[in-house]
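One-letter residues, chain by chain:
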Amino acid sequence: MTEEGPTPAASASLWERDEEVAAVERAIDTLRADQSSSGSLLVFRGEAGLGKTALLTETRRIAEARGCTVWSARGGETLRSVPFNVVRQLLQPALVSLMPEEAREYLGDWYDIAGPALGVTDPGERQPDPQGVCDGLVAAVRRLARRDWPLVLVIDDAHWADQETLRWLAAFAERLDDLSVLLVVARRPGDVTGDSARHLDAVAAAAGGPVATLSALTPDATAGLTRATLGAHADAPFCREVWAVTGGNPYETVELLAKVQDSELEPVEAQACELRALNRSARGGGLVARLEGLGIEATRFAWAAAILGTGISVDLVAKLATMGRDDAVRCAELLRNARILTDPDPAVVPADDGDLEFVHPLIATAVYNSIPDALRTAMHGIAAQVVADSGLGAAMASRHLLQVHPDDDEELVEQLREAAREHVAVGAPDAARRCLERALREPPRPETHARVLYELGCATLLTAPATTVDHLQSALAMPGLDGAERVDAVFRLSQALLHNDQLEDAVRTVEAEAARLGPGPAQLRLQAVQYMWEGIHAGEASSPGRSERLAALAATCTGRDNSERALLILRGFDAMTHGENAEIVVELSDRALVNGRLAPGLGWTDTEWGLEILMMLASSYTYTDRLDRAESMFTEALRTYESAGWSGGHLALAHAFLGFAHRRRGRLREAESTLRESLRIAERVGRGLPLYWSATCNLVDTLLARGHVDEAWEIAEQYGFAPPYPSTIVLPDPQSVRGRLLLAVGRTQDAVNELEAAEKAATARGHHNPVMVPWALDLARALAVSDPVRAAQLASDARRRAERFGTDTAIGEALRCAAALETGQRAVRLLSQAVTYLESSPCQYEHAAARVEYGIAARSVAEINRGLALARSCGADGLVAQARDVLETGRGLR
């Protein structure tokens, strides 16, 4: 670039930014052209002082000049521990313009989920799911954005945004395709690690192109800026030295040129030697020395402003710096004149966000770091009190408390515990974790230490199960947790062990605690939890006599409380897995309900028991052909989690099990759609978890039923649907499903090996329900040619077990398998019987398959057409193709 460029010195940071400004203009023009167009994202990256903020300011100017609404926010170096800080800033203009009832109308179902995080409503009684809050914030921005189109969202210093905002930003950036909005983000390279770095990388990836990286000014541009500021008479050697001293950094160049003007230095070669000294006074130690030159009171005022970081009002700073208001006003003016503080731009900073801000984050950092360590710590302690006294709450004060040195202060421990409770209530468990970890370093008094560890374990349960295990084990090893609180801690510890794939440890933990307690409700609850974890364990064998002990304990239960109801559910599930008569299973399951509904305290979002017990209940209904009840429960789970904003693992499981119910009923299209959504959510939560297996296994099973074999194989390959299998039971049985998949793709011997492994595992567990673990039916078909004797024995055993279980589906499927091993009239008779049973079954896909097979065996066009109609209604494309092929061939049909 030549020396041509913006003439005002204020536009210095836009020198050599023609390409970036042009990209902004194109994006804004595209946005304004069509409200139905996809959204777009621009990311600008550059080191400190390279003009990111100036570029975003120009973005705002261009957007507003072209009729756009602009919402803006920025991260703060000392504010990264304040959850939702940046997204609150961003939405503040929209929220302030709405009355509470209008905000509720715009946000709809998300109001109670995202509202507490945004500070527009009080938290509810339920602990929110962090992923649900993130999704709620995405929905909130999307709904508000439609009202204010064309809308430009501007986020500066994203590297300093809080983790909760970055999580939202990554999710929002990925969903811009169907929302006409322009998102512009500026950040420094580096400066973040861990989850924050991952979220920023996701934002950059969502931009769909290379991130614009800002570079330093060239010597020519620096010369042009120097002459635009100091006059055309600035000579070339002087201009060259300005560039050499500043490295072409726009911010440092502007500051240096301001110093040249203040010192009335002549911009000629003879004076160029003075530039380095002037530059030192504008940064780092030189800046600090310049600040000290303004006097001790001005220095104290600047320190206090740096401690506050945001909301820098003269009155708050005066309280923190312990000075009168008149002195504070005078100091503020001194610091303005010294280009250390400035008045915020009202178009960028909300009106209630303070009277002052630092001229540049580099200055704020230099001032903050210049405060002596001991004094800085003490000032944070005072700032916490000032913030609390201002009515901003314990959560806002906590960022200061986190900086205070441990000093055995029980009051500080209580303040941090209160802040943690506030963070958890709005869906920010990581912020709560930081507060409680800091409280432990104080340390707490012996009588409260265990409770702090317990609260920390509760805060990290959903996000860090391994860490939760450590905290809760430590809490239980010391005095302080008694009664119901201790029982709850043991239960949560067992949940954390389960989520950390330590199921055997979970069982032993509750078993040991139950043995320590005397007979009563607490012991009964832990016994039920022990049986629950054992019931979902997919290990080689169950503990000897477990089913007999569970049956004996459940026989004493009438369903008078939730512990007894849980034991009835567990006994019913155990009976179902073992293939006992289905009527017994249903009778036990029904006794666990209250007037046909879940009892209070035993709901989908109640934390006393968790969702596993309810999934076991609904699964028992699923496999006993009570699909209406099962589907109703799974649908209720889905609605409950969506309305509560639980959009992580719980929602993924709800979709998976609802898809499972659709699959059993024969609604294969609906099942596939629901299961793909489950897998999408599960992918977001994390691979390898039991819920991930539930989504993948059910989707593979459904695609096989539809006849989409290649697609089923692709899903299995893409999502790792192969051994080793998880430590918890997955429904349907993944080994049986994988064996069927291998058969479908022609890998018969691999299928036989997989199904024999499924046989071994099921036998060791005593799982003899031929519908829940259908390995025998597929293995018999696989061995029909190579080992017909064993195949016949397998089919006979499966039929015997199906008749013992007694459902129409189980018996019908066993008859279909037996028919597959026969020919002629024997096969026709068996298929006729299968059709009779499956007509009465709610499982329409199995009925359709039996109809088609019966029609083909009997050579009946009418029966094939009946099967074809059923197959079409189910979405079973493979069955449809099979029936059509036979009908089109027509040989031997009547």
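Here we summarise the structure given alongside this text. Sequence positions are assigned chain by chain, starting from 1 and proceeding in written order. The predicted nature of this model means local features are confined to residues of pLDDT at least 70 and side-chain atom pairs, given and counted, to a pLDDT of 80 or more, with totals for whole chains, interfaces and linings taken over all residues. Working from all heavy atoms in the structure, the side-chain values ignore hydrogens and water.

Judged by nonpolar contacts, the single largest core of 159 residues is most densely connected at Trp533, Trp604, Ile613, Val700 and Trp775. Note on contacts: a residue pair is in contact if any heavy atoms of the two residues lie within 4.5 Å. The residues contacting tryptophan 775, other than those within four sequence positions of it, are Ser736, Leu755, Ala758, Glu759, Ala762, Leu794 and Arg801. The next biggest cluster of nonpolar side chains, apart from the first, holds 54 residues, and it includes Leu95, Ala140, Ala145 and Leu169. The criterion is simple. A nonpolar core is a set of buried Ala, Val, Leu, Ile, Met, Phe, Trp, Tyr and Cys residues joined through side-chain atoms within 4.5 Å. A simple rule labels every residue: compare its accessible area, found with a 1.4 Å probe on the protein chains alone, to the largest value its type can have, and call it buried under 20%, exposed over 50%, or partly exposed in between.

With that out of the way, let us pick up the pattern of salt bridges. Salt bridge, as used here: a side-chain nitrogen of Lys or Arg that lies within 4 Å of a carboxyl oxygen of Asp or Glu. Under the counting rule described, the total for this entry stands at 64 salt bridges. Across the pair aspartate 112 and arginine 104 runs a salt bridge whose closest N-O atoms are separated by 3.4 Å. For arginine 104, a relative accessible area of 40% corresponds to the partly exposed category. A salt bridge links arginine 597 to glutamate 636; its shortest N-O distance comes to 3.8 Å. Here the residue arginine 597 occupies a position in the loop between helix H29 (582-591) and helix H30 (612-623), and glutamate 636 occupies one in helix H31 (residues 627-644), the gap between them amounting to 39 residues. The exposure class assigned to arginine 597 is exposed, which follows from its relative accessible area of 55%. By sharing partners, the salt bridges in this structure join Glu414, Arg417, Glu418, Arg421 and Glu455 into a single network. Runs of E in the DSSP output that reach at least two residues are strands. Runs of H or I that reach at least four are helices, and both are numbered from the N terminus.

Moving on, we come to the environment of alanine 819. With respect to the helices and strands, alanine 819 occurs in helix H40 (residues 808-820). For alanine 819, a relative accessible area of 5% corresponds to the buried category. As a C-alpha pair, alanine 819 and serine 832 span 13 residues in sequence and 9.5 Å in three-dimensional space. If we skip the residues at most four places from it in the chain, alanine 819 touches Ala827, Leu830 and Leu831.

A few words on the sheet that holds strand S4 (residues 181-187). The strand order across the open sheet built from five strands is S2-S3-S4-S1-S5, with neighbouring strands paired in parallel fashion. Across the chains shown, the open sheet's two edge strands, defined by having one partner strand only, are strand S2 (69-74) and strand S5 (212-213). For two strands to be treated as a pair, DSSP must find at least two bridges joining them. Summarising the sheet, strand S1 (residues 40-45) and S4 pair through six bridges and their orientation is parallel. Residue arginine 45 lies in a different strand from S4, and its bridge partner there is arginine 187. All axes are obtained by fitting lines to C-alpha atoms, using only the stretch in contact for helices, and the reported angles, taken between N-to-C directions, cover 0 to 180 degrees. Along the sheet, helix H3 (residues 85-96) makes contact with S2 and strand S3 (151-156), crossing S2 at roughly 155°.

On to the side chain of arginine 17, then. Position of arginine 17 among the secondary structure elements: in the segment before helix H1 (18-33). Counted as positive: Lys and Arg. Counted as negative: Asp and Glu. His and the chain ends are not counted at all. One buried charged residue, arginine 17, remains without a salt bridge, the closest side chain of opposite sign being glutamate 20 at 5.1 Å. Residues contacting arginine 17, with those up to four places away along its chain left out, are Leu50, Leu214, Ser215 and Pro250.

A few words on the pairing of S4. Each regular strand displays side chains that alternate between the two surfaces of the sheet. Counting buried positions along S4 yields seven of seven residues, so the element is predominantly enclosed. Burial of the side chains of S4 extends over both faces: Val181, Leu183, Val185 and Arg187 are buried on one face and Leu182, Val184 and Ala186 on the other. Bridge count for S3 against S4 is five bridges, and the pairing is parallel. The partner of leucine 151 across the bridge, within S4, is valine 181. After leaving S3, the chain enters helix H7 (residues 163-173) and then returns to the sheet as S4, a path that is right-handed. Seen with its strands pointing away from the viewer, a crossover is right-handed when the path leading from the first strand over the helix to the second is clockwise.

Our focus in this paragraph is the packing of aromatic side chains. Centres within 6.5 Å are what make two rings of Phe, Tyr or Trp a pair, Trp counting through its six-membered ring; a difference in plane orientation under 30 degrees is then read as stacked, over 60 as edge-to-face, and the rest as tilted. Summed over all chains, the structure comprises ten aromatic pairs. On the basis of an interplanar angle of 40° and a centroid distance of 5.4 Å, the ring pair of phenylalanine 634 and phenylalanine 657 is categorised as tilted. Taken together, the positions of phenylalanine 634 in helix H31 and phenylalanine 657 in helix H32 (residues 649-665) put the pair 23 residues apart, joining distant regions of the chain. Here the two residues phenylalanine 634 and phenylalanine 657 agree in accessibility, since each one is buried. With a centroid separation of 5.8 Å and 55° between ring planes, the pair formed by tryptophan 693 and phenylalanine 721 is classed as tilted. Placement of tryptophan 693 in helix H34 (residues 690-706) and of phenylalanine 721 in the loop between helix H35 (709-718) and helix H36 (734-744) is noted, with a sequence separation of 28 residues between them. Members of the aromatic cluster, joined through ring pairs, are Tyr623, Phe634, Phe657 and Phe660. We count a charge as sitting over a ring when the NZ of a lysine or the CZ of an arginine lies within 6 Å of the ring centre and within 35 degrees of the ring normal. The ring centre of tyrosine 368 lies 5.2 Å from the NZ or CZ of arginine 376, which sits over that ring. Taking the ring centre of tryptophan 609 as reference, the NZ or CZ of arginine 525 above it sits at 5.7 Å.

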